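Structure at a glance
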Amino acid sequence: MSGCPGSRTMDFSEKTNQEGNDSGKRPSQLRQWPIQMHLVSPQAPYFQGKDVLLAADCAAFALGDFHKDYLKGKSIGIACPKLDSDQEVYVEKIKSLIDDAKINTLTVIIMQVPCCFGLAQIAKEGAEKASRKIPVKQVVVGLEGNILSEEWI
Amino acid sequence: MDKVLNKEIKQIIDTYPEVGRILDEYGIGCVPCSVGSCLLKDVVGIHNLDPQQEATLMYRIEKAIYPERNVSEPKVDLTKKSAPKKISYSPPVKKLVDEHVLIKRLLALIPSIVEYVETSIKVDKDLVLKCVDFIRTYADKYHHMKEEDILFKYVDDKAEIIQVMFKDHDIGRGHIRQVVEGAEKGNKAQIKEHILAYRDLLTQHIKKEDEILYPWIDRQLSVTQVGEMFRKCNEADASVGDELPRKYERFIVELEEKFLQEVTK
Ligand SMILES: [Fe+2]
Ligand SMILES: [Fe+2]
């Protein structure tokens, strides 16, 4: 057990405890474009007064029901706190989403690896800088797509 | 058993007092409740016990009501001790919980205030009325109104548990009217009786809200509703201004200085 847990190789291909089923179709709940945090603008109409999801890039791949349980009804921005550059811009955008787009709530959804908590930090900083106050929620996703915690911060 | 689940809790406890004792063991304090019209199934549901605890509780209740029945005991894995649940409130609800803290600080001082009133030659009307002002303005207008006008609206406000809360608020207002009358007439016994009754009532009431009602409401709120409620509560606070909570906080600090020092003297 050494090295960065964020990039340590793990293989769950033998996993058999699969609940749920593959029948039926799940429609996409995405209602906007673009979605990457450098590309989105807080002025975009899809953010105004909305519940916003700030998702770590990996989260949507890990969570089986990402669309149904988390994206539905929300606008989204995605980012990677480990690899993206110019992350100060993200803090400013969060601040602007709160103050200018007057979003209703912010939900940050991150992976359990330590480096991912940087995204929650960005959200917190942006929220602290904003003059409006809104509820901010943090959801932590396990590597195998389980929800480890979900709480207001 | 289904029939029993749909019965009012007070009826059940009156007929089978043992059930009240069992509920009490699980931290479900229905026995002293002033209304008691919640249905047994709602009472159990509202407390959000873990599935193992709930199964054992239901088994024991069924045994207490139908001792002759052959009910099979649920298998409980004693090695799996359930971790004590930490309550995580949503931000608007957390704000209400924080307001309880200031109210509880006044409640804690009430016995000393009563002693002071009893031992002074003439009733310190000014002090009693200042406490009444805190209760009427901060606890009732500022805090209870947010509960009644905003929070309770997010659930069915005809639900029994909400009706109990409304009733507690009303009974409290009645006690405070009596305290004012006592202060006007210089009637120490009247002040004592009703301020102590108010203290007991509110202590239980706040405990019910912090531990049962608020978490129950929080579990039903969507993220969108949490945001909306947060905004409404902030607007309600803004309409009275920042100075109001600060003023009453200062009042409590002064009161604590007066009465807590007297205790240590
Ligand atoms: Fe209340
Ligand atoms: Fe309350």
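Rules used in this analysis
Residues numbered from 1 in each chain as written. Chains lettered and ligands numbered in written order. Predicted model: local features only at pLDDT ≥ 70, side-chain atom pairs only at ≥ 80, totals over all residues. Heavy atoms only, no water. Donors = N, O, S within 2.8 Å, 3.2 Å for Na, K, Ca; no water. Tetrahedral: all angles 85-135°; square planar, octahedral: opposite > 155°, others 65-115°. Helix = DSSP H or I, 4+ residues; strand = E, 2+ residues; numbered from the N terminus. Expected span 1.5 Å × (residues − 1). Core = buried A, V, L, I, M, F, W, Y, C linked by side-chain atoms within 4.5 Å. Buried < 20%, exposed > 50% of the residue type's maximum accessible area, 1.4 Å probe, protein only. Contact = heavy atoms within 4.5 Å. Pairing = 2+ DSSP bridges. Polar contact = N/O pair within 3.5 Å; in protein donor to acceptor, adjacent residues only side chain to side chain. UniProt positions renumbered as here; feature names shortened; annotations may be inferred.

For chain B, the name recorded in an unreviewed UniProt entry is Hemerythrin-like domain-containing protein, with Candidatus Jettenia ecosi as its organism.

As annotated in an unreviewed UniProt entry, chain A carries the name Ferredoxin 3 fused to uncharacterized domain and is attributed to Candidatus Jettenia ecosi.

Quick notes on the coordination of the iron ion (ligand 2)
All names here are of chain B. Those protein atoms acting as donors to the iron ion (ligand 2) are His100 (NE2), His143 (NE2), Glu147 (OE) and Glu209 (OE), and they sit at 2.0 to 2.2 Å. Taken together, the four donor atoms coordinating the iron ion (ligand 2) and their angles of 84 to 164° define a geometry best described as irregular. Along the chain, the residues donating to the iron ion (ligand 2) are arranged with the sequence spacing H-x42-H-x3-E-x61-E.

Remarks on helix H8 (residues 160–185) of chain B
Each full turn of the α-helix corresponds to 3.6 residues, which orients residues three or four apart in the same direction. Taking 1.5 Å per residue as the helical rise, H8(B) with its 26 residues ought to reach 38 Å, and the 38 Å between its terminal C-alpha atoms agrees with that figure. Phi turns positive one or two residues past the end of H8(B), at B:Gly186, with a value near 70°.

Quick word on the nonpolar core
Residue and element names in this part refer to chain A. Phe47, Leu54, Phe66, Ile103, Leu106, Ile109 and Leu119 are the most contacted members of the largest nonpolar core, which has 44 residues in total. Listing elements by their share of this core, those giving two or more residues are strand E1 (51–56), helix H1 (59–62), helix H2 (66–71), strand E2 (75–79), helix H3 (88–99), strand E3 (105–111), helix H4 (117–129) and strand E4 (136–141). When near neighbours in sequence (up to four residues on either side) are disregarded, Ile103 contacts Phe47, Gly49, Lys50, Val52, Leu97, Ile98, Arg132 and Ile134.

Overview of the pairing of strand E5 (residues 147–152) of chain A
Where E4(A) and E5(A) come together, five bridges link them in antiparallel fashion. Each residue of the ladder has a partner; that of A:Val140, found in E5(A), is A:Ser149.

Digging into the environment of B:Lys95
All names here are of chain B. On the secondary structure map, Lys95 appears in helix H6 (residues 91–119). Measuring from C-alpha to C-alpha, the distance between Lys95 and Asn234 comes to 9.8 Å, with 139 residues separating the pair along the chain. In this structure, Lys95 is in contact with Tyr142, Lys146 and Asp237, ignoring residues within four places of it in sequence. There is a polar contact of 3.2 Å between the side chain of Lys95 and the side chain of Tyr142.

A word on the UniProt feature "domain: Hemerythrin-like" (unreviewed entry) in chain B
Within this numbering scheme, the UniProt entry marks residues 93–217 of chain B as carrying the feature "domain: Hemerythrin-like" (unreviewed entry). With 86% helix and 0% strand, residues 93–217 of chain B has end C-alpha atoms that lie 9 Å from one another.

Notes on the side chain of B:Glu148
Residues and elements named next belong to chain B. Relative to the helices and strands, Glu148 is located in helix H7 (residues 125–149). The exposure class of Glu148 is buried, given its relative accessible area of 10%. At a separation of 2.6 Å, a polar atom in the side chain of Glu148 contacts the side chain of His169. When sequence neighbours within four positions are dropped, the list of residues in contact with Glu148 reads Lys153, Phe166, His169 and Arg173.

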